[in-house]
Amino acid sequence: MKGIHIISTGSAVPETCYDNEKMSELVETSDEWIRTRTGIRSRHICKEESCVSLAVSAAGKAMERAGNPANRIGAVIVATSTGDYSFPSVACLVAKELGLGTDVMAFDLAAACSGFLYAMDVGRNFLLAHEDRYVLVIGAEQLSRIVDYTDRSTCILFGDGAGAALIEAADTPYFHHSGCDGDAEVLSCKGVGQDEMYIHMKGNSVFKFAVSTLKESIDRILREQKISMDEIDYVICHQANARIIDHVKKKYPGQEKKFYMNLERYGNTSAASIPMVIDELMELGELKEGMKIVCVGFGAGLTWGGTFLQI
Ligand code: UT7
């Protein structure tokens, strides 16, 4: 085994949707400003739902589409920064809700918006040791819990959602690289017991970091795998801001169509954004078996990661 096969996917968003008009009732902003600066038109916000219920719903769809192979699941890994509890983990509650039994390693992983790619790589390493099992990898966020809805520079960006992928060992190409620099200045959110718990962000600094990191991650994958962009079917970037992705795709003339975006409808869902795109492309029939994709992400930590795999 070298790589992973995505057996099935699923995603979920809360029912309540805030469009840009709704945001302009909350803070001094406008649909025009949000659309032109970010590409976002709407985002979904939890009312009745929670991080756990979104994760259960997304993973439940992935399980159903795979014929419900509950006894094959060896691990559940949930990338999240907004779990319902500090403990138990979201992953433990998902395992219980989905009836996976107790012979399962279940844990959450915190790498902010890079989390899903980190989690998929950890899942792949689990599969190296347990080739007969499957791993449920989930990115789930209830960011509305940590968004300050009086701060117009952040609240317009974020949304809630979850995406899940059921993976198994495969003899396919695979490459992953990731990193972090320990910066707590440009993007942070305080923890349990602090005076407040909101996202604080220096947007311009994150923007510059994102553009250079995504490009470096893509180039590193192409260089180390000795492949050209022509051989890649889709480049799936963390969905933070359409202008970030536009800047990056301009560096690859003729390949722009491969950079898929759905952030217009969901905003930035952090660890959920990449699996939500993968699920959408699967549902549209755009991602087919044998296709090669590059996924690249960045986020608080600062963290980053890039994954190349054959679906
Ligand atoms: O998952 C990773 C998470 N974060 C990111 O990826 C964020 C990356 N950064 C960004 O997406 C952008 O930096 C933002 C969308 C956050 C901000 O866009 P910008 O083009 O960098 O705007 P800016 O921060 O330079 O602000 C320009 C102006 C300021 O007004 P003045 O000082 O020029 O008078 C802001 O106060 O826009 C103002 N502004 C707004 N105006 C209307 C900031 N937010 C808003 C708003 N509506 N929502």
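This write-up is about the structure you can find in this document. Note that this is a predicted model, so its numbers are computed, not measured.

**Topic: unusual backbone geometry**
Alright, step 1. The omega torsion of the bond from Phe87 to Pro88 falls at 5 degrees, within 30 degrees of zero and hence cis.
Alright, step 2. Positionally, Pro88 belongs in the loop between β4 (73–79) and α4 (90–97).
Alright, step 3. Following Gly301, the chain continues into Leu302 via a peptide bond in cis, with omega recorded as -25 degrees.
Alright, step 4. Tracing the chain through its elements places Leu302 in the loop between β12 (292–299) and β13 (303–310).
Alright, step 5. A positive phi angle, close to 55 degrees, is found at Asn68, a residue other than glycine.
Alright, step 6. With respect to the secondary-structure elements, Asn68 resides in the loop between α3 (51–65) and β4.
Alright, step 7. Taking the relative accessible area as the measure of exposure, Asn68 reaches 49% and is therefore partly exposed.
Alright, step 8. The residue Ala112 is not glycine, and still its phi comes out positive at about 50 degrees.
Alright, step 9. For Ala112, the location among the structural elements is in the loop between β5 (105–109) and α5 (115–129).

**Things to note about the pattern of salt bridges**
Alright, step 1. A full pass over the atoms with the stated rule returns 11 salt bridges.
Alright, step 2. We note a salt bridge from Lys22 to Glu25, for which the minimum N-O separation is 3.9 Å. A residue pair is termed a helical-turn pair when its members lie 3 or 4 positions apart in one helix, as Lys22 and Glu25 do in helix α1 (residues 20–26) at three residues.
Alright, step 3. We classify Lys22 as partly exposed; its relative accessible area is 28%.

**Some thoughts on helix α10 (residues 273–283)**
Alright, step 1. Burial analysis of α10 places nine of its 11 residues in the buried class, which makes it a mostly covered element.
Alright, step 2. Taken residue by residue, α10 has Ser273, Ile274, Pro275, Met276, Val277, Ile278, Asp279, Glu280 and Leu281 as its buried positions.
Alright, step 3. At the exit of α10 stands Gly285, carrying a positive phi of roughly 75 degrees.

**Here's the deal with the environment of Gly182**
Alright, step 1. The topology assignment puts Gly182 in the loop between β8 (174–180) and β9 (187–189).
Alright, step 2. We classify Gly182 as exposed; its relative accessible area is 58%.
Alright, step 3. Each C-alpha atom of the pair Gly182 and Ala140 lies 23 Å from the other, and the pair is 42 residues apart in sequence.
Alright, step 4. Here Gly182 is in contact with Gly301 and Leu302, once residues within four sequence places are set aside.

Criteria and cut-off values
Residues numbered from 1 in each chain as written. Predicted model: local features only at pLDDT ≥ 70, side-chain atom pairs only at ≥ 80, totals over all residues. Heavy atoms only, no water. Helix = DSSP H or I, 4+ residues; strand = E, 2+ residues; numbered from the N terminus. Buried < 20%, exposed > 50% of the residue type's maximum accessible area, 1.4 Å probe, protein only. Salt bridge = Lys/Arg side-chain N within 4 Å of Asp/Glu carboxyl O. Contact = heavy atoms within 4.5 Å.

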